[in-house]
Amino acid sequence: MNKAVNDEVWSGSWVAERLGVELVGDPELTDMLGLALRRNPKRAHLLVSNVLGKHVPQSPSVVYGHGFTLGRRVRDLLGAEEAGAAVVLGYAETATGLGHSVADGIGVAPYLHSTRRPVPGVAPAGGFEESHSHATSHLLLPENPALLAAAGPLILVDDEFSTGNTVLNTIRDLHERYPRKRYVVVALVDMRSAADAGRLEEFAAEIGARVDLVAAASGTVSLPEGVLEKGQELVARYERGGGLSGAGSSVLAAPRGGAANGHSPAPLKTDLSPNSPGARGTARPASTRPHLTAAPTVPTRRIDLRWPAGLPDGARHGFTPAHRIRLERALPAMAARLAEALPAEARHVHILGFEELMYAPLRLARELEQVVDADVTYSTTTRSPVLAVDDPGYAIRTRLTFPAHDTPADGPGDRYAYNIAGAGFDAVVAVVDSRADTPELHGLLSQLAAHTPHVLLAVVPSYVPERPAMLPEPLRGPAFSSYAPEEVGWLLQDLSDVTLEAPTEEREEAIQSGGAHYAESLPVEYQPSERYQELFQEALRTSATRIAQAVGAVTELVLAERSPRPVLVSLARAGTPVGVLMRRWAKFRHGLDLPHYAVSIVRGRGIDANALRWLAAHHDPRDVVFVDGWTGKGAITRELADAVKEFEKSDGVTGFDPEIAVLADPGSCVRTYGTREDFLIPSACLNSTVSGLISRTVLRADLVGPHDFHGAKFYRELAGADVSEDFLDAVEARFPEAALEALARAKRLLDTDRTPTWEGWAAVERISEEYGIHDVNLVKPGVGETTRVLLRRVPWKILARAGAGVDLDHVRLLAEQRGVPVEEVDELPYTCVGLIHPKYTRGATGADGKAVAV
């Protein structure tokens, strides 16, 4: 089946001759790879690995040895210290077992592989797309989010590195959520072009991280012009049963040089049905092919492996060094049970894994190889449709087709096992997880029984992470926050006793260098001067009626359009005072006592999924209305929409509407608002002392586990400066005089087209480019966001609309205190815009982060 089997025929020659595809590179490439044709409109050829254990039966020691050796090379590259902090990530489906083997070679690294199987109750920690694959979407479902949040090197493992797109997509997604300084890409073969190799280097420089590559062999694939169209035409012709002359009617070469099971050479046929042992070739169209035929007379024997309780069947949710130790201890006894179940006369035994379940069957096969007097080979079933041609110069000689049997999320479909039929196996042991042990499994077992006298089945329990039976009840004042207990329930955990504060300049440098995420620490709470406190009180006196009108208008819109009895869920912490005011308006105007909770949302990491689970368990998600103070450019609006989609996928809970209700929407990002003017909301002037003495929320892996709410602190020691109730009472006192305008405004808005235009986002992108920042995350538009920049970040400069009045008095004072220039700009779409210092390093004032302004 490859040059190791037939020294005269390379298992890629058939495709190479017909399509002009060439492999150029290391001499071992043609030993490691063959070629086949994909039944896929995105790419014509398929590099078929002879050492991966997916399409081609191979000795399990060879398969495991390649991955383990790569792991040893990674360990030597990193050194002991970095290897001890590393995490390995493998790709579904083909590289799940390879990634496991690499992690074993490193020795101390935990391992996670991506999956195409959503698991109810497990929230995705990320995901990415593999553009050329048959099934493109990958999910990351670690049981413990800390697995990906650690700062050590991330080792990404795939079977081949062809363009680099998949790896770039992965790193881009994860680096935004969990920035780190080093990545290592591992592959059996590196087949990138020179241009693609340069892209990886450019990307590494772009994110400011080191990216190394480790591969067993390297080269390039030379593809002539029009190869995709020629490949598609060739596949179509052979699937129709035409063009068979020269396809080869030779006896199927057996794995590792074994006999071809004694059948005479047979012409290429249209399908491998259970009633035609020895037939080989391509499959006829699925619409004409029966999936389940009469069961063969040979029964399937089940083997009880006695898989250790609680040991994961693979790394879909993570596999730790402790798990590895448990597996090593259990393998000899499980292999002995397999050996005992095999027929005494079996000399050619094949272990067949199942799609993403590659590692457990591989380790069982390798252990069995040590204890039985038989040739043991290993491969797995797959989702990928590949043309089969019975020719020694073609890598996929035969194909078994059967229905999916694990109730996949994307619906029923065909699955495949390659190079099994006609291979002369005396026994085949199918190893599946319990999710796949369904009546539809009969389709695979009956196909196998047509081509081997003995079919055995071993079922490994599918591991599903346990969740606590009950999430904790919300925190309430006065134990947590200075708000009355009925005003708000905080779906947070109390981290008041943990030191989380860091100097603003240190935080900014760490955030912009990629060394930390902004939600992993807290800024030192700003203590307002007497003059600034006077400005806050003056702003509250002059704007309380305006705030009350906006509160009334947005609450009336919610009651009219969203739910007659909404559950208010404010985004902590800026949204929480607004949520309390909306709750008070509903009681003032309608006599409603609305529930109100505060939850955490973190840019780049999404909303607290455990908070959503608590809400779904206690309320109808359709009644939940998310509340925030204002919109800037709309980043949190988009973050919430993405997070709700991810939650629906992970938990199967629908009904949450990601549309946020806000007091002010100057960025034109939402439909539910009290005004679209950019004006001073006094609660934006202060931090915890106007928000119930609660810090901003914290999400750090060592403090927030997979079953915890995000965290926050209660600053009890600031009680003397607390104006939270003062702010609420001052606005509520204006409700009677604001009611007429609030109701009239709500009526006008109900009759208005409020479709978001995202004008704010466009303006921010323009400002980012005009000022040479090139990062929209460092441009904070609007009065509220500008105030936050001055209070919590390292500001570079403030842009103020020419002629802006008292709304900016507090901004000008803060800018003066911090030595930040205020630049007046004509036709600014916001009242003001705060620019965070780009490329910040301590002591720098220039736009490049290094130069000192003169």
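How each quantity is defined
- Residues numbered from 1 in each chain as written.
- Predicted model: local features only at pLDDT ≥ 70, side-chain atom pairs only at ≥ 80, totals over all residues.
- Heavy atoms only, no water.
- Helix = DSSP H or I, 4+ residues; strand = E, 2+ residues; numbered from the N terminus.
- Expected span 1.5 Å × (residues − 1).
- Buried < 20%, exposed > 50% of the residue type's maximum accessible area, 1.4 Å probe, protein only.
- Arc of directions from axis to C-beta.
- Contact = heavy atoms within 4.5 Å.
- Salt bridge = Lys/Arg side-chain N within 4 Å of Asp/Glu carboxyl O.
- Pairing = 2+ DSSP bridges.
- Axes fitted to C-alpha atoms, helices over the stretch in contact; angles between N-to-C directions.

(A) Quick peek at helix H19 (residues 759-770). Taking 1.5 Å of rise per residue, the 12 residues of H19 would be expected to cover 16 Å, and the 17 Å separating its terminal C-alpha atoms lies within 8% of that figure. Burial in H19 covers these residues: Gly760, Trp761, Ala763, Val764, Ile767 and Ser768. Axial view of H19: buried residues confined to an arc of 160°, hence all on one face. Within H19, the exposed residues directed more than 90 degrees away from the buried face are Glu759 and Glu770. The secondary structure elements touched by the buried residues of H19 are helix H16 (635-651), strand S30 (779-781), strand S31 (795-801) and strand S33 (832-836). Looking one or two places after H19, you find Gly772, whose phi comes out positive at around 70°.

(B) Representation of the environment of Ala395. Residue position: Ala395 is located in the loop between strand S13 (375-380) and strand S14 (399-403). Taking the relative accessible area as the measure of exposure, Ala395 reaches 2% and is therefore buried. Here the alpha-carbon distance between Ala395 and Asn419, two residues 24 residues apart in the chain, equals 8.6 Å.

(C) The arrangement of the pattern of salt bridges in detail. As enumerated under the stated definition, the model contains 40 salt bridges in all. Taking the shortest distance from any N to any O, the salt bridge between Asp437 and Arg302 comes out at 2.8 Å. Placement of the pair is Asp437 in the loop between strand S16 (427-433) and helix H11 (442-449) and Arg302 in strand S11 (residues 300-303), with a sequence separation of 135 residues. Given a relative accessible area of 28%, Asp437 falls into the partly exposed group. When salt bridges that share partners are traced, they join Glu487, Arg583, Arg584, Asp593, Glu725, Asp729 and Glu732 into one network.

(D) Broad picture of the sheet that holds S30. Taken in spatial order, the four strands of this open sheet run S30-S33-S31-S32, and their pairing is mixed. Here the strands that pair on one side only, and so sit at the sheet edges, are S30 and strand S32 (822-825). Here the average twist between neighbouring strands, direction ignored, is 20°. Pairing analysis gives three bridges linking S30 to S33, with the strands arranged antiparallel. Counterpart to Val779 in the pairing with S33 is Leu835. Sitting on the sheet, H19 touches S30, S31 and S33, and the angle it makes with S30 is about 140°.

(E) Here's a closer look at the sheet that holds strand S18 (residues 489-490). Pairing within the open sheet is parallel, and its six strands lie in the order S18-S23-S22-S26-S27-S28. Looking at which strands have only one partner, the edges of the open sheet turn out to be S18 and strand S28 (672-675). Here four bridges tie strand S26 (residues 624-630) to strand S27 (residues 660-664), and the two strands are oriented parallel to one another. Among the inter-strand pairings, Trp630 is bridged to a residue of S27, identified as Ala664. Contacts from helix H14 (residues 575-590) reach S18, strand S22 (567-571), strand S23 (596-599), S26 and S27, with the element oriented near 120° to S26.

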